[in-house]
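Inside the fold
Here is how the chains run, residue by residue.
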2 protein chains.
Amino acid sequence: MIPAPTQDPLALAAAQEARAAYRAGRVVPTAGVAPGLTQANMVSLPRDWAWDFLLYAQRNPKPCPVLDVIEAGGHTTALAEGADLRTDIPLYRVWRDGRLAEEVSDARALWAGQPDLVTFLIGCSFTFEAPLQQAGIEVRHIAQGCNVPMYRTRRACRPAGRLHGELVVSMRPIPAERVADAVAISGRFPSVHGAPVHVGDPAALGIADLDKPDFGDPVQIRPGELPVFWACGVTPQAAVMASGVPFAITHAPGHMFITDVPDAAWHV
Amino acid sequence: MIPAPTQDPLALAAAQEARAAYRAGRVVPTAGVAPGLTQANMVSLPRDWAWDFLLYAQRNPKPCPVLDVIEAGGHTTALAEGADLRTDIPLYRVWRDGRLAEEVSDARALWAGQPDLVTFLIGCSFTFEAPLQQAGIEVRHIAQGCNVPMYRTRRACRPAGRLHGELVVSMRPIPAERVADAVAISGRFPSVHGAPVHVGDPAALGIADLDKPDFGDPVQIRPGELPVFWACGVTPQAAVMASGVPFAITHAPGHMFITDVPDAAWHV
């Protein structure tokens, strides 16, 4: 039941080399690294919060698709042999009482100081962006060389225990005649956010100005394009903030964990 | 993030009437009841086992697709307004130390005696059988008017904490020229077991004799048909047995919980 690693030796080598470089201290965004392999969001929480978090993810599977859970104190994953989750992400964020406390490139000291951390790896929309591009749909933020724009919405996630928070969405402008294709293609990847949650009409989601994303960078919307909104893996970080979780470690936005599992493993 | 109930008043009435009848004491299998609405497997465990179970389900999503989790002591679900999970299933099984202890049609006394039960509703293959039939693929056990044949395999599920056990599969004979269609149709329902886990060759799964299922009834396999195996919602019961869980309540096989949610809610 563990997704098989890629059989492409070049892709595997690219993933291993990238993780080794991050472990050695390199801090760069991971977009475009080891193409074809799944990148993941990470959230680590004290064991006391793990049940609430897994339940929150189960109740909100579109923004929080769980790819792996590492039990208390662990820092290895079935999704990447030999990887160390404490060091192999380029940049980590440390949260205390729901507030961003610091960013670090090596989380070993944090893991040592909080030995019961349960770690969640969560799907990332990078997985369906390559198939969009392969179908001839431009992914604007990639074309513009910036981060995807992300927005808080006024749509609440279904709470779980002490965890609550709003849905965060990412936005990609899609030509009106390709919206159905973008829905169909991303919909084939339900375990990495799947189909959009909303097409057009940002005001209905509580988004006042598309040019001012809450996370990431604004992108151009051209005439004839609709803003299309997908559930976003930053949603768990929003829950950490909104719920005042006493301690958490996450990846920094855009600085993902690179697995050995091919994107195609999540295709239905 | 809660699947919307059906908008079909006749279907909703059928579900409500069925649950009321079971609550009043009627004991019958639920196959064919309230067609078009999702039926679910149920597992209730003491809170101490809930984390292990939810993790087991996350690690084995094909046999254990979680549709709802009801927190400790609760007996209502977002999937069916007004339903009571202690009474609205026709027949329950009670497990003690991994062994079947008794069957009851009213579980209120059990809930009262174990007030911290966490309850899981798990997807059922009934959801993709109607689309198979609509595509002109005969579902043999329905045609024969019996229960689907289910088999223990020698394929281990990925363990979680104290929970371990083998994968249980259901089998439907499919004509060779329709196997691809059956894969594609069921694959559109990843949250209710999805695509088959195995096509043909029962010996490779450790199944010695298709005529002797471990659960359910044998069905005829005609010339030109292949046995096709889907992950089965009895897998959690197998884990309860294999792991010696001290106390659990489940539905009795074929006696499912009928929700108000349309099967189409799980379609991708």
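Going along each chain's sequence as written, the residues are numbered from 1 onward. To label them, take the chains in the order written and letter them from A, then take the ligands in the order written and number them from 1. In keeping with the model being predicted, local features are shown solely for residues with a pLDDT of at least 70 and side-chain atom pairs are shown and tallied solely at 80 or more, while totals for entire chains, interfaces and linings include all residues. Where side-chain values are given, they derive from all heavy atoms of the structure, hydrogens and water being excluded.

- Chain A carries the name Putative hydro-lyase MW290_25970 in an unreviewed UniProt entry, which gives Aquincola tertiaricarbonis as its organism.
- UniProt positions are given in the numbering used here, feature names are shortened, and annotations may be inferred rather than shown by experiment. Check the Sequence similarities (unreviewed entry) section of the UniProt entry for chain A; it says "Belongs to the D-glutamate cyclase family."

Quick notes on the interface of chain A and chain B
- With 25 residues of chain A in contact, the opposing surface of chain B contributes 25 residues.
- Once two parts are put together, the accessible area they lose, assessed with a 1.4 Å probe and summed over both, is termed the buried area. In this assembly, chain A packs against chain B so that about 2200 Å² is buried in total across both faces, 64% of it on carbon and sulfur atoms.
- For chain A, the biggest contributors to the area lost against chain B are Met 1, Trp 51 and Arg 158 of chain A; these three give 34% of the whole.
- We define a salt bridge as a contact between a side-chain nitrogen of Lys or Arg and a carboxyl oxygen of Asp or Glu at a distance within 4 Å. Counting the contacts that link chain A with chain B gives 4 salt bridges. We call two residues in contact when some of their heavy atoms are within 4.5 Å.

With respect to the environment of Ala 80 of chain A
Residue and element names in this part refer to chain A.
- Relative to the elements of secondary structure, Ala 80 occurs in the loop between β2 (66-70) and β3 (92-96).
- Look at Ala 80 and you get buried, because its relative accessible area is 1%.
- C-alpha of Ala 80 to C-alpha of Pro 115: the two residues are 35 residues apart in sequence and 22 Å apart in space. For the purposes of this entry, the term helix denotes a DSSP run of H or I that reaches at least four residues, the term strand denotes a run of E that reaches at least two, and both are numbered from the N terminus. Burial status follows relative accessibility: with a 1.4 Å probe on protein chains alone, a residue under 20% of its type maximum counts as buried, one over 50% as exposed, and anything between as partly exposed.

Considering the side chain of Thr 250 of chain B
Residue and element names in this part refer to chain B.
- You can see Thr 250 is positioned in strand β10 (residues 247-251).
- Identification of polar contacts relies on pairs of N or O atoms within 3.5 Å, with a donor-acceptor requirement for protein atoms, meaning one able to donate a hydrogen and the other able to accept it, and with residues adjacent in sequence counted only if both atoms are side-chain atoms. At 3.4 Å, the side chain of Thr 250 forms a polar contact with the side chain of Gln 237.
- Among all residues touching Thr 250, those that are not within four sequence positions of it are Met 42, Val 43, Leu 91, Tyr 92, Arg 93, Trp 95 and Gln 237.

So, the nonpolar core
- In this text, buried Ala, Val, Leu, Ile, Met, Phe, Trp, Tyr and Cys residues form a nonpolar core when linked through side-chain atoms within 4.5 Å. Phe 120 of chain A together with Phe 120 of chain B are the most contacted members of the largest nonpolar core, which has 70 residues in total.
- With residues up to four places along the chain from it excluded, the contact list for Phe 120 of chain B reads Trp 51 of chain A together with Asn 41, Met 42, Val 43, Leu 45, Ala 50, Phe 53, Leu 54, Asp 68 and Val 69 of chain B.

Topic: the relation of the copies chain A and chain B
- In the superposition of chain A on chain B (RMSD 0.0 Å, axial shift 0.0 Å), the rotation amounts to 180 degrees. The superposition of one copy onto the other is thereby described by a two-fold rotation axis. Distance from the rotation axis, computed per C-alpha, reaches its smallest value in chain A at Trp 51 of chain A: 3.0 Å.
- A share of 100% of the interface residues of chain A reappears at the interface of chain B, consistent with the copies meeting face to face through the same patch. Least squares is the method for superposing the copies, and the C-alpha atoms it fits come from residues with pLDDT of at least 70 in both.

Overview of helix α4 (residues 126-134) of chain B
Residue and element names in this part refer to chain B.
- Along α4, the positions that sit buried rather than exposed are Phe 126, Thr 127, Phe 128, Glu 129, Pro 131 and Leu 132.
- Against the buried residues of α4 lie β1 (37-46), α5 (140-143), β7 (166-175), α6 (179-187) and β9 (225-231).
- Gly 136 sits one or two positions beyond α4 and adopts a positive phi of about 80 degrees.

Let's talk about the sheet that holds strand β7 (residues 166-175) of chain A
All names here are of chain A.
- The strand order β6-β7-β9-β8 describes an open sheet built from 4 strands, whose pairing is antiparallel. Two strands lie at the open edges of the sheet, namely β6 (150-156) and β8 (198-199), each paired on one side alone.
- The sheet contact formed by β8 and strand β9 (residues 225-231) spans 2 bridges and is antiparallel. Each bridged residue has a counterpart across the sheet, and for His 198 the counterpart in β9 is Phe 229.
- Sheet contacts for helix α6 (residues 179-187): β7, β8 and β9; angle to β9, the most-contacted strand, approximately 15 degrees.
- Lines fitted to C-alpha atoms define the axes here, with helix axes fitted over just the stretch in contact, and angles between the N-to-C directions of these axes take values from 0 to 180 degrees. The strands that helix α7 (residues 235-243) touches are β6 and β7; relative to β7, the one it contacts most, it runs at about 150 degrees. When DSSP finds two or more bridges between two strands, those strands count as paired.

A word on the domain arrangement of chain A
All names here are of chain A.
- Domain segmentation is taken from an automatic or database assignment of domains. Here chain A is described as being made up of domain 1 (9-124 + 244-263) and domain 2 (126-235).
- Taken together, the contact between domain 1 and domain 2 spans 23 residues of the former and 23 residues of the latter.
- Overall, the association of domain 1 and domain 2 removes approximately 2200 Å² of surface from exposure, summing both partners, and the carbon and sulfur fraction of that is 59%.
- Taken as a group, Tyr 56, Lys 62 and Cys 124 account for 31% of the area that domain 1 buries against domain 2, more than any other trio of residues on that side.
- The tally of links from domain 1 across to domain 2 stands at 2 salt bridges.
- A salt bridge links Asp 48 to Arg 162; the shortest N-O distance between them is 3.1 Å.
- On the surface where domain 1 and domain 2 come into contact, there are 11 residue pairs in polar contact (both at pLDDT 80 or more).
- Those elements that place two or more of their residues in the side of domain 1 that touches domain 2 are β1 (37-46) and α2 (47-59).
- Charged means Asp, Glu, Lys or Arg here, nonpolar means Ala, Val, Leu, Ile, Met, Phe, Trp, Tyr, Cys or Pro, and polar covers whatever is left, Gly included. Split by residue class, the side of domain 1 that touches domain 2 holds 12 nonpolar, 6 polar and 5 charged.

A short note on the sheet that holds strand β6 (residues 150-156) of chain B
Residue and element names in this part refer to chain B.
- With respect to topology, 4 strands assemble into an open sheet ordered β6-β7-β9-β8, the strand pairing being antiparallel. The open sheet terminates on both sides in strands that have one partner only, identified here as β6 and β8 (198-199).
- Contacting β6 and β7, helix α7 (residues 235-243) runs over the sheet at an angle of about 150 degrees to β7.

Observations concerning the pairing of strand β4 (residues 99-104) of chain A
Residue and element names in this part refer to chain A.
- Relative to β4, β3 runs antiparallel, the two sharing 5 bridges. Paired with Arg 93 across the two strands is Glu 103, which belongs to β4.
- In sequence, β3 turns back onto β4 through a hairpin of 2 residues, with Asp 97 there showing a positive phi of about 50 degrees.

Side note on the side chain of Asp 84 of chain B
- In this fold, Asp 84 of chain B is placed in the loop between β2 (66-70) and β3 (92-96).
- Of note is the side chain of Asp 84 of chain B, whose polar atom sits 3.5 Å from the side chain of His 75 of chain B.

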